Amino acid sequence: MSLTDLVILLSGLLPATLLAVKMLQYHRQSSELSRVQDAYQQLDQQAKLIIRTDFDLHRTQEELDRRLAFLMALQRFGRQLQVSLHPAEVYSKLDAESVTQFGFTKGLLGLCASVESLEWHSRIGVTEEDAQTLSRCLLGSVFLKELLTKPAPVLLKTTTGDPTQRQFLDLLGMPMAVVAGIVPQAGPAGCLVLGRTVGGTIDAKADEELVAILVNQLASAVENSALYEEPWLAKQELERKVRQRTYELAEANAQLLQLNKAKSDFVSAVS
């Protein structure tokens, strides 16, 4: 093969070689781009997972802080209940500080002498007129009877399907509330209402659990007060009877002394 023929052959092969080289470069670049895209997607997924995990941890921390604050407030509230001498006094112990520390905005605590009677002894953030309206709402339905029959806390939301519960929330002026009956083994029953404007990430189940602890503490305080009141009243009655009997004996003794003096005077006069 002559030099000319070789040059012609190489001239014909050159475009094909260049095309093959370019194709190889293209495949390499495509492969590299695909690896970069995969790496980017993995990083993106990891970043999303980190953000989601951080959000979950933040929400969990908030919930733990709220539960801790509730339990600390519950301990403080329990010390207040220990000084209650009469069952009715227990229902007047709920104050604004306790309601706030429990994580709520409004609170009502009342005594139920029967399923047809409800008298609020503690009102936090609720006017007397609104409290009376809420009382009539509960008494005008079977809701109060259900609470006193099954004292487990009931979570009320504006999305609830029960018209009585929706009406109760409208009257309370709160989009969410927890309502519970207090049914002690001894002493009068009662009703607890805690309302809050929904904000942040609130665990509704945790609300029911925490309020259940509060209800049990209130029921125990009422029972203890009732058990204390019974012997206390018996002691008071016994002391009253002792005082009355002492007075009667003193009167009888005074009369006896007068009779003895009259007898002595009579004997002296006869002598």
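Residues numbered from 1 in each chain as written. Predicted model: local features only at pLDDT ≥ 70, side-chain atom pairs only at ≥ 80, totals over all residues. Heavy atoms only, no water.

Here we look at the overall build of the protein chain
Part 1 of the argument: Summing up its helical and strand segments, the protein chain has seven helices and five strands in all.
Part 2 of the argument: The helix and strand sequence of the protein chain, counted from the amino end, reads α-α-α-β-β-α-α-β-α-β-β-α.
Part 3 of the argument: Put simply, the protein chain has 271 residues, and 28% of those count as buried.
Part 4 of the argument: A separation of at least 24 residues holds for 59% of the contacts in the protein chain among residues at least 6 apart in sequence.
Part 5 of the argument: With an accessible surface of roughly 17,600 Å², the protein chain has 58% of that area assigned to carbon and sulfur atoms. (Helix = DSSP H or I, 4+ residues; strand = E, 2+ residues; numbered from the N terminus. Buried < 20%, exposed > 50% of the residue type's maximum accessible area, 1.4 Å probe, protein only. Contact = heavy atoms within 4.5 Å. Areas by Shrake-Rupley, 256 points an atom, 1.4 Å probe, with all protein chains shown as cover.)

Some thoughts on the sheet that holds strand E2 (residues 117-124)
Part 1 of the argument: Spatially, the five strands line up as an open sheet ordered E2-E1-E5-E4-E3, and their pairing is antiparallel. For this open sheet the edge positions go to E2 and strand E3 (154-157), each flanked by a neighbour on one side alone. Across the sheet, the mean angle from the axis of one strand to that of its neighbour is 20 degrees, orientation sign disregarded.
Part 2 of the argument: Bridging between E3 and strand E4 (residues 176-182) involves four bridges; their strand directions are antiparallel. Among the inter-strand pairings, Lys157 is bridged to a residue of E4, identified as Met176.
Part 3 of the argument: Its contacts with the sheet place helix H4 (residues 128-139) against strand E1 (106-114), E2 and strand E5 (189-196), and it is angled at close to 145 degrees to E2.
Part 4 of the argument: Against the sheet, helix H6 (residues 163-172) contacts E1, E3, E4 and E5, and its axis sits at roughly 70 degrees relative to E3. (Pairing = 2+ DSSP bridges. Axes fitted to C-alpha atoms, helices over the stretch in contact; angles between N-to-C directions.)

Re the environment of Lys106
Part 1 of the argument: By secondary structure assignment, the location of Lys106 is in strand E1.
Part 2 of the argument: A polar contact is formed between the side chain of Lys106 and the backbone oxygen of Leu172, at a distance of 2.9 Å. (Polar contact = N/O pair within 3.5 Å; in protein donor to acceptor, adjacent residues only side chain to side chain.)

Topic: the nonpolar core
Across soluble globular proteins, you tend to see nonpolar side chains buried next to one another.
Part 1 of the argument: Ranked by size, the top nonpolar core spans 27 residues in total, and within it Phe102, Phe104, Ile182, Leu192, Val211, Leu214 and Leu218 carry the most contacts.
Part 2 of the argument: Counting residues per element, the ones that place at least two in this core are helix H1 (3-81), E1, E4, E5 and helix H7 (204-270).
Part 3 of the argument: Core analysis: the second largest hydrophobic core is formed by 23 residues, Leu118, Leu144, Leu148 and Ala177 among them. (Core = buried A, V, L, I, M, F, W, Y, C linked by side-chain atoms within 4.5 Å.)

A few points about the pairing of E2
Part 1 of the argument: Pairing analysis gives six bridges linking E1 to E2, with the strands arranged antiparallel. Considered in E2, the bridge of Leu109 is made with Ser122.

A short note on the pairing of E5
Remember that side chains alternate between the two faces of the sheet whenever the strand is regular.
Part 1 of the argument: Burial analysis of E5 places eight of its eight residues in the buried class, the great majority of the element.
Part 2 of the argument: On E5, burial covers both faces: Ala189, Cys191, Val193 and Gly195 on one face and Gly190, Leu192, Leu194 and Arg196 on the other are all buried.
Part 3 of the argument: For E4 and E5, the ladder comprises seven bridges, and the chain directions are antiparallel. Following the sheet pairing, Val178 is matched in E5 by Leu194.
Part 4 of the argument: What sits between the antiparallel neighbours E4 and E5 is a turn of six residues, in which Gly187 has the positive phi angle 100 degrees.

Quick look at H4
Part 1 of the argument: The end-to-end C-alpha distance of H4, which contains twelve residues, comes to 16 Å, matching closely the 16 Å that a straight helix rising 1.5 Å per residue would cover.
Part 2 of the argument: Within H4, the full set of buried residues consists of Ala131, Leu134, Ser135, Cys137 and Leu138. Buried positions in H4, seen along its axis, are confined to an arc of 160 degrees and lie on one side of it. In H4, the exposed positions that point more than 90 degrees away from the buried face belong to Glu129 and Arg136.
Part 3 of the argument: Elements that come into contact with the buried residues of H4 comprise E1, E2, helix H5 (143-149), H6 and E5. (Expected span 1.5 Å × (residues − 1). Arc of directions from axis to C-beta.)

Considering the side chain of Ser122
Part 1 of the argument: With respect to the helices, strands and loops of the structure, Ser122 is situated in strand E2.
Part 2 of the argument: With relative accessibility at 3%, the residue Ser122 sits in the buried group.
Part 3 of the argument: Only 2.8 Å separates the side chain of Ser122 from the backbone oxygen of Tyr91, close enough to count as a polar contact.
Part 4 of the argument: Sequence-distant contacts of Ser122, that is, excluding residues within four places in its chain, are made with Tyr91, Ser92, Lys93, Leu94, Gly107, Leu108 and Leu109.

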